[in-house]
Amino acid sequence: IKDPRDIRELVIVKLHHAKKKLERGFFTAASYQEYQQKSAELLLQGVIDEESLEKARIERYVIGPVFNFNFFHSVLAEPGESAVELLGGDWRFESSLDGHVRLPAAQQLTLQGKQKIPEMTVVGHNTATVRESLLEDAFDLAEKFVKAAREHYAPGVIGPFCLQTCVDKDMKFHIYDVAPRIGGGTNVHVGVGHPYGNALWRKPTSTGRRIAMEIRHAAETGRLADVVT
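Thresholds applied
- Residues numbered from 1 in each chain as written.
- Predicted model: local features only at pLDDT ≥ 70, side-chain atom pairs only at ≥ 80, totals over all residues.
- Heavy atoms only, no water.
- Phe/Tyr/Trp six-rings, centres within 6.5 Å; stacked < 30°, edge-to-face > 60°.
- Helix = DSSP H or I, 4+ residues; strand = E, 2+ residues; numbered from the N terminus.
- Buried < 20%, exposed > 50% of the residue type's maximum accessible area, 1.4 Å probe, protein only.
- Lys NZ or Arg CZ within 6 Å of the ring centre and 35° of its normal.
- Pairing = 2+ DSSP bridges.
- Axes fitted to C-alpha atoms, helices over the stretch in contact; angles between N-to-C directions.

Colleague: Tell me about the packing of aromatic side chains, and please be specific about residues and values.
Modeller: Counted according to the given criterion, the structure contains nine aromatic pairs. On the numbers, 5.5 Å between centres and 75 degrees between planes, the contact of Phe-69 with Phe-173 is edge-to-face. Taken together, the positions of Phe-69 in strand 4 (residues 66-73) and Phe-173 in strand 8 (residues 173-179) put the pair 104 residues apart, joining distant regions of the chain. A residue is classified by how much of its surface remains accessible, and Phe-173, at 13% relative accessible area, is buried. Here the aromatic residues Phe-67, Phe-69, Phe-71, Phe-139, Phe-145, Phe-161 and Phe-173 are joined through ring pairs into a cluster of three or more. Here the guanidinium or amino end of Arg-24 rests over the ring plane of Phe-26, the centre of that ring lying 4.8 Å away.

Here is the structure:
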């Protein structure tokens, strides 16, 4: 949404936190009036600043659970082999949002001042799996992303990447962000591997181990130049 005056449904306003430089000053609004009210309060609290607010992205808010899919694209895959692997998934703990949603609605309405508008600072991750009937759709998203990346940013994605998605009530995925690297939530799998990567490789397979496996294979086959840029 280009202009906050055009807000007609629930949206999320994405901008940087004014004080926590690596964090977010995101907030939600369902009308222009709510946008004005919340942005004014957050400006007063020093959570956001005018410059970031002017450059903020306003996107339709997808109501549904979040899945961060940790994929791996192997450029060494032979013809007929799957080049895109799903290693695992995760979801986030966000402060103070997660504290808000654990309160009864009536209690949420009584919050005042800095407690009233939740922040969305990522403070942790947990592992997650998705129902089997949705896996094909997840792979479809990943394969389209790999193809688009190759076309627009050659040589494209090498190794790990993360698609951050929401699933709506019709069980359709919506990508709201992409990490063309090791996903931030993969640390939950370091000791035990990813659920899907373990099943695929029949051993504990974290993202780090999968990268090591790819580098070893590239070295043994004389293809190291293919996995670096």
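Colleague: Can you tell me about the sheet that holds strand 8, naming the residues and giving the values?
Modeller: As summarised here, the arrangement of the five strands in space is 6-5-4-7-8, forming an open sheet in which the pairing is antiparallel. Strands with a single pairing partner mark the edges of an open sheet, and in this sheet they are strand 6 (120-128) and strand 8. Direction aside, neighbouring strands of the sheet carry axes that sit 35 degrees apart on average. Judged from the eight bridges that link them, strand 4 and strand 7 (residues 159-167) form a sheet pairing that is antiparallel. Bridging from a neighbouring strand, Asn-70 pairs with Cys-162 of strand 7.

Colleague: Tell me about the sheet that holds strand 1 (residues 11-14), residues and numbers included.
Modeller: One open sheet holds the three strands; their spatial order is 2-1-3, and the pairing between them is antiparallel. If you trace the sheet from one side to the other, it starts and ends with strand 2 (27-29) and strand 3 (57-60), each paired once. The mean inter-strand angle of the sheet, taken between neighbouring strand axes irrespective of direction, is 30 degrees. Pairing of strand 1 with strand 3, which is carried by four bridges, proceeds in the antiparallel orientation. Residue pairing for strand 3: Ile-12 is matched across the bridge by Glu-59.

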